[in-house]
Amino acid sequence: MLTHVSRRALAGASLAVGAALLTACSGAEAGTGDGVEAATVVVSANNGDVEVPAEPLRVAVLDNTAFETVKAFGITPVAVPKPLLPGTGFEDWEADESIADAGSHREPVLEAVSEAEPDLILGGYRFEDHTEQLSRIAPVLDLAPGEDREGGYVESLKRQTETLGEVLGHEEEAAALIADLEDSVAAAAAATGGESVFLAVASGGRIDNGASRLGRILEPLDLVNVLADEGDAVHSDSGLAPETIAQLNPDWMVVLDRDAAVEEGATSPARQLVSEQEAWAGTTFTTQDQVVYLPPTFYVTEGVQAYTAVFDQITDAFTA
C-alpha cells in the first residue's frame, strides 16, 4: 500500500492509511552505504509528519501500548524500557541482553537507546516528554492512543495498530488484531444495558477513583459511571470515602489492580481490599458478586490486545 515516489514529487503525493498519512519517497540522506538510496515513508503521527525508513530493521519500542503488537508481529526490538515490561509474556525481552534497557519514562537511559543504533523509535505516551531528545537519535513516531484523539481511545487504538502494520510490514496481522477488537467491542456493547459502574483503582493500599484511566473502557459501552473523571487518583489519594460509594450503590465495579502491577510479588491486593471493606457489604456489586478485576498487566500494556481482553471480560461477566 506504500507508493514509492521521487523526493521532487513528495510534496504532492500522499496515501491515507487509516489515521496515518504514509507517503513513500527516495531519501538521499537515507542511503544504504552502497550507493543505493533507501526508501522512506512519511507518517502522520501525533508528533507531526515524520519521515521514517520504509523497511525499518532496528526498532526501539518505548511506548508500552505497542509492546504486545510489536511482539505479535514477531519483531525483536533493539531497545525497550524494561522497567515497564509486563510481568508475564515478556520474559524473553527482559532476559535478552541484546535488547538495550531504555530505563523508565521517569528515569530514561537515552544513552542506551542511542548505543542500540535504532533506525526507528516508537515513542510517545509515557515517553512523550522525551520526543525532542529522542529525535536526535533516530526518527520518532508517536502513535500512542489517547482519549483526546479523534474518536476517543478505542478508535485511536485501531489507528495505531493499522499504522504499525503499515510501517513495520505486517498489515495482515494488524488487520486481524483490529478485527478481534471490533468483535469484542460489539459483544460487550450488546451485553451492557445502562448499568451503573464504579471504575476503581487499587493504588497505595486503598481503593480509589480510577475513572481517569478506566473511563476509556466505557467509550463504546452502555454503562454509566457513578463518579466523575476528576483528578488522577491512579497516582494520588483523592480522599474518596468508601461510604460515598456505598451511598451511590453502583450495580458493578471494575477494578484496575495497580498495586499488583507495580509491587513485585504482590498477589492481587485489590480482591482483599474490596472484600475487607465493611461499608460495601450491602452494595449491589458486592451482594451480586458483580466485580470485574482487570489483569494486573493491564496497567502496563493498555494496547489493542489488552482492551480486546477487557471487553471480553465484560461480556463474560455481564452475560454470566
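Here the structure is a predicted model, which is why all the values come from computation and not from measurement. (Residues numbered from 1 in each chain as written. Predicted model: local features only at pLDDT ≥ 70, side-chain atom pairs only at ≥ 80, totals over all residues. Heavy atoms only, no water.)

A. Representation of the overall build of the protein in the model. Scanning the protein from terminus to terminus reveals 13 helices and 14 strands. For the protein, with 320 residues in total, the buried portion stands at 50%. Taking contacts inside the protein between residues at least 6 apart in sequence as the whole, the part at least 24 apart equals 56%. For the protein, the accessible surface area stands at approximately 14,300 Å², while carbon and sulfur atoms represent 46% of it. (Helix = DSSP H or I, 4+ residues; strand = E, 2+ residues; numbered from the N terminus. Buried < 20%, exposed > 50% of the residue type's maximum accessible area, 1.4 Å probe, protein only. Contact = heavy atoms within 4.5 Å. Areas by Shrake-Rupley, 256 points an atom, 1.4 Å probe, with all protein chains shown as cover.)

B. How the structure looks around empty space enclosed by the protein. If you walk through the whole model with that rule in mind, you get one cavity of 30 Å³ or more. There is about 30 Å³ of room inside the largest cavity. Forming the walls of the largest cavity are Asp63, Ala66, Leu122, Gly123, Leu141, Leu143, Gln160 and Leu164. Taken together, the elements giving at least two residues each to the lining of the largest cavity come down to β8 (120-123) and α6 (153-168). In terms of residue class, the lining of the largest cavity is built from five nonpolar, two polar and one charged. (1 Å grid on protein atoms, 1.4 Å probe; cavity = no way out; pocket = protein on both sides within 12 Å on 5 of 7 lines; lining within 4 Å. Points joined across faces, edges and corners; volume = space filled by probe spheres on them. Nonpolar A, V, L, I, M, F, W, Y, C, P; charged D, E, K, R; others polar.)

C. Spotlight on the nonpolar core. Of all hydrophobic cores here, the largest spans 74 residues; its most connected members are Leu141, Leu168, Ile217 and Phe311. No other element matches helix α13 (residues 304-318), which puts seven residues into this core. Residues in contact with Leu168, not counting those within four places in the same chain, are Pro56, Val59, Val70, Phe73, Ile75 and Leu120. By size, the runner-up hydrophobic cluster in this structure holds 14 residues, among which are Ala202, Ile207, Leu227 and Phe285. (Core = buried A, V, L, I, M, F, W, Y, C linked by side-chain atoms within 4.5 Å.)

D. Representation of the pattern of salt bridges within the structure. Counted under the stated rule, the structure contains ten salt bridges. Between Glu155 and Lys158 there is a salt bridge; the shortest N-O distance is 3.0 Å. Note that Glu155 and Lys158 are positioned in helix α6 at a spacing of three residues, about one turn of the helix. Of the residues examined, Lys158 reaches a relative accessible area of 16% and is grouped as buried. The salt bridge partner of Glu182 is Lys158, with a shortest N-O separation of 3.5 Å. Here Glu182 is found in helix α7 (residues 171-191), whereas its partner Lys158 is found in helix α6, with 24 residues between them in sequence. The exposure class assigned to Glu182 is partly exposed, which follows from its relative accessible area of 38%. Here the residues in one salt-bridge network are Arg126, Glu147, Arg213, Arg216 and Glu302, joined through shared partners. (Salt bridge = Lys/Arg side-chain N within 4 Å of Asp/Glu carboxyl O.)

E. Spotlight on a negative patch on the surface. Where like charges cluster on the molecular surface, the negative patch consists of Asp180, Asp183, Asp312 and Asp316. For the negative patch, the secondary-structure elements that each account for two or more residues are α7 and α13. With respect to the helices, strands and loops of the structure, Asp183 is situated in helix α7. (Patch = residues over 30% accessible without salt bridge, like charges linked within 9 Å, V, L, I, M, F, W, Y side chains within 5 Å. Lys, Arg positive; Asp, Glu negative; His and termini not counted. Charge placed at Lys NZ, Arg CZ, Asp CG, Glu CD.)

F. Geometry of α13. The terminal C-alpha atoms of α13, which comprises 15 residues, lie 21 Å apart, in line with the 21 Å expected from a rise of 1.5 Å per residue. Listed in full, the buried residues belonging to α13 are Val304, Gln305, Ala306, Tyr307, Thr308, Val310, Phe311, Ile314, Thr315 and Phe318. (Expected span 1.5 Å × (residues − 1).)

G. Main features of the environment of Ser135. Here Ser135 is to be found in helix α5 (residues 131-135). Distance in space between the C-alpha atoms of Ser135 and Leu120 is 9.5 Å, their sequence separation being 15 residues.

H. View of the confidence of the model for the protein. Confidence in the prediction of the protein, expressed as mean pLDDT, is 87, and 83% of residues score 70 or more. Ignoring residues within four places in sequence, the model shows residues 1-21, a span with pLDDT below 50, making 50 contacts including any to other chains. Note that residues 26-33 has pLDDT below 50 and, in this model, 19 contacts with residues that lie over four places away or in other chains. (pLDDT = per-residue confidence, 0-100.)

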